[in-house]
Amino acid sequence: MTGKKLDLRNAIFHNDDKAREHLEAVLWPDGPVCPRCGVMGDRVIKLQGKSTRPGLYNCKDCRSQFSVTIGTVMERSHVPLSKWVLAAQLMASSKKGFSALQLQRMIGTNYETAWFMFHRLRECTNDPTSGPLGGQTKVVEADESYLGGRAKNKAYGPPPKKMAVFSLVEREGKVRSRHVADVTAKTLRNAIVTQVDRKSYLMTDEAPVYIKTGEEFSGHGTVNHSAEEYVRHGGFMHTNTIESFFAIMKRGVYGNFHSVSEAHLPRYLSEFDFKYNHRSALGYDDATRADALLRGATGKRLLYQWPNEPTHA
């Protein structure tokens, strides 16, 4: 699919009123909705007047006033809406990630604000409502990889912690990733059976941790990477799909973010999952992917620091 070209001259990236109108169109496709009682239509009126701030609505039922940012990651933010929309577009358009330092330079904020915005937008990528991957005649690939643990160019101190990442990808479908404490058969089985339809055909490498779990599915194929076997059975048996996903993730982590803390790793994984699940092969371009990201902002309040949340990436 060849999508519409991104035009950074678009007014939604520079004018707060245009950015607000864009957010309203994305979050309220059927018109304003009261976030408190859920009513819409003629029960909601837009407030006018010189003393009224732009984008303010009033609900006739519960008599509350609200704007499009209420109940989203942008609620009560002092960052202009046009910068939020631009940040969402830059994140959605960058296949291998976009660093907070680069965002800081592009939108004219300090690093802490840019870091904060990107982590809140990563919260928008989390979709807890999805059903199981795979199904009858579907193939789901499973594999584990590691991030961190590289001590190259580190002048002093211990090497960064090596963190295990486990991912499942449905061929021609979606991916799901999670940080796991270990790669034992028990841990990985739980990650697989809670996310994959048992009617699926499971594809893995030759690791013994998958043998018993594979028996719970309609079929289980393997390739022996240690023997330099990567494809067999006419190209059907392979884990190239999940390996390609890991390659993009690692280029993003090591090339753009350089390091990722364990505390924030789930958010970064969610970001890479979101971009893969909204790729051009599934009908998305940069603009529609950014709109999908903004739609995920609903129901997630903005706090500068969550309880027990570290202050550095």
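Quick note: structure is the one above.
An account of the accompanying structure is given in this report. As the structure is a prediction and not an experimental result, all values here were calculated from the model.

What counts and what doesn't
Residues numbered from 1 in each chain as written. Predicted model: local features only at pLDDT ≥ 70, side-chain atom pairs only at ≥ 80, totals over all residues. Heavy atoms only, no water. Helix = DSSP H or I, 4+ residues; strand = E, 2+ residues; numbered from the N terminus. Buried < 20%, exposed > 50% of the residue type's maximum accessible area, 1.4 Å probe, protein only. Contact = heavy atoms within 4.5 Å. Lys, Arg positive; Asp, Glu negative; His and termini not counted. Charge placed at Lys NZ, Arg CZ, Asp CG, Glu CD. Core = buried A, V, L, I, M, F, W, Y, C linked by side-chain atoms within 4.5 Å. Salt bridge = Lys/Arg side-chain N within 4 Å of Asp/Glu carboxyl O. Patch = residues over 30% accessible without salt bridge, like charges linked within 9 Å, V, L, I, M, F, W, Y side chains within 5 Å. Areas by Shrake-Rupley, 256 points an atom, 1.4 Å probe, with all protein chains shown as cover. Phe/Tyr/Trp six-rings, centres within 6.5 Å; stacked < 30°, edge-to-face > 60°. Lys NZ or Arg CZ within 6 Å of the ring centre and 35° of its normal. Expected span 1.5 Å × (residues − 1).

## Topic: the overall build of the protein
Within the protein, the secondary structure is distributed over 9 helices and 8 strands. Each principal axis of the C-alpha atoms in the protein carries an extent, and together these give about 75 × 50 × 40 Å. Looking at the 313 residues of the protein, the share that counts as buried comes to 47%. Expressed as a percentage of contacts within the protein between residues at least 6 apart in sequence, the contacts between residues at least 24 apart total 61%. In the protein, 44 positive and 33 negative side-chain charges are present, and the distance between their average locations comes to 5 Å.

## Observations regarding the environment of valine 175
Inspection of the secondary structure assignment puts valine 175 in strand β6 (residues 175–180). For valine 175, a relative accessible area of 1% puts it in the buried group. With 98 residues separating them in the primary sequence, valine 175 and aspartate 273 have C-alpha atoms 5.9 Å apart. Each residue touching valine 175, except ones within four places of it in the same chain, is listed here: Ser167, Leu168, Val169, Ile242, Phe245, Asp273, Tyr276 and Asn277.

## Some words on the nonpolar core
Of all hydrophobic cores here, the largest spans 43 residues; its most connected members are Trp84, Leu103 and Leu121. Counting residues per element, the ones that place at least two in this core are α1 (16–27), β2 (57–59), α2 (81–93), α3 (100–107), α4 (111–124) and α9 (286–295).

## Considering the pattern of salt bridges
Scanning the model with the defined rule gives 15 salt bridges in all. For arginine 43, the salt bridge identified is with aspartate 61, shortest N-O distance 2.7 Å. Taken together, the positions of arginine 43 in the loop between α1 and β1 (44–46) and aspartate 61 in the loop between β2 and β3 (65–66) put the pair 18 residues apart, joining distant regions of the chain. According to the relative accessible area criterion, arginine 43 is partly exposed, its value standing at 35%. Notably, a salt bridge pairs lysine 161 with glutamate 262, separated by 2.8 Å at the nearest N-O pair. Of this pair, lysine 161 sits in the loop between β4 (139–147) and β5 (163–170) while glutamate 262 sits in the loop between α7 (240–257) and α8 (265–277); the two residues are 101 residues apart in sequence, bridging distant segments of the chain. Assessed through its relative accessible area of 53%, lysine 161 is described here as exposed.

## Concerning a nonpolar patch on the surface
Nonpolar side chains collect at one region of the surface, where Leu6, Leu8 and Met106 lie side by side and expose about 240 Å² of accessible area between them. Looking at the secondary structure, you find leucine 8 in the segment before α1.

## A word on the packing of aromatic side chains
Each aromatic ring pair is characterised by the separation of its centres together with the angle its planes make. In the structure shown here, the tally under the stated rule is 9 aromatic pairs. Ring geometry for phenylalanine 245 and phenylalanine 246: centres 6.2 Å apart, planes at 45°, overall tilted. A relative accessible area of 3% means that phenylalanine 245 is categorised as buried. Where phenylalanine 257 meets phenylalanine 272, the ring centres are 6.4 Å apart and the plane angle is 75°; that geometry is what we call edge-to-face. Of this pair, phenylalanine 257 sits in helix α7 while phenylalanine 272 sits in helix α8, placing them 15 residues apart in sequence. Accessibility classification places phenylalanine 257 together with phenylalanine 272 in one group, the buried group. A connected cluster of aromatic rings, assembled from ring pairs, spans Trp28, Tyr57 and Phe66. Note that arginine 171 overlies the ring of phenylalanine 236, its terminal NZ or CZ placed 5.4 Å from the centroid.

## Here we look at unusual backbone geometry
Of note in this structure, arginine 76 is not a glycine but carries a positive phi near 60°. Tracing the backbone shows arginine 76 in the loop between β3 and α2. Its identity as a non-glycine residue notwithstanding, glutamate 228 has a phi of 60°, on the positive side. In this structure, glutamate 228 sits in the loop between β8 (219–223) and α7.

## So, α2
With 13 residues, α2 should reach 18 Å at 1.5 Å per residue; the first-to-last C-alpha distance of 18 Å fits that figure. For α2, a buried count of 11 out of 13 residues is recorded, marking the element as mostly surrounded by other parts of the structure. Turning to α2, its buried residues number three or more, namely Leu81, Ser82, Trp84, Val85, Leu86, Ala87, Ala88, Gln89, Leu90, Met91 and Ala92.

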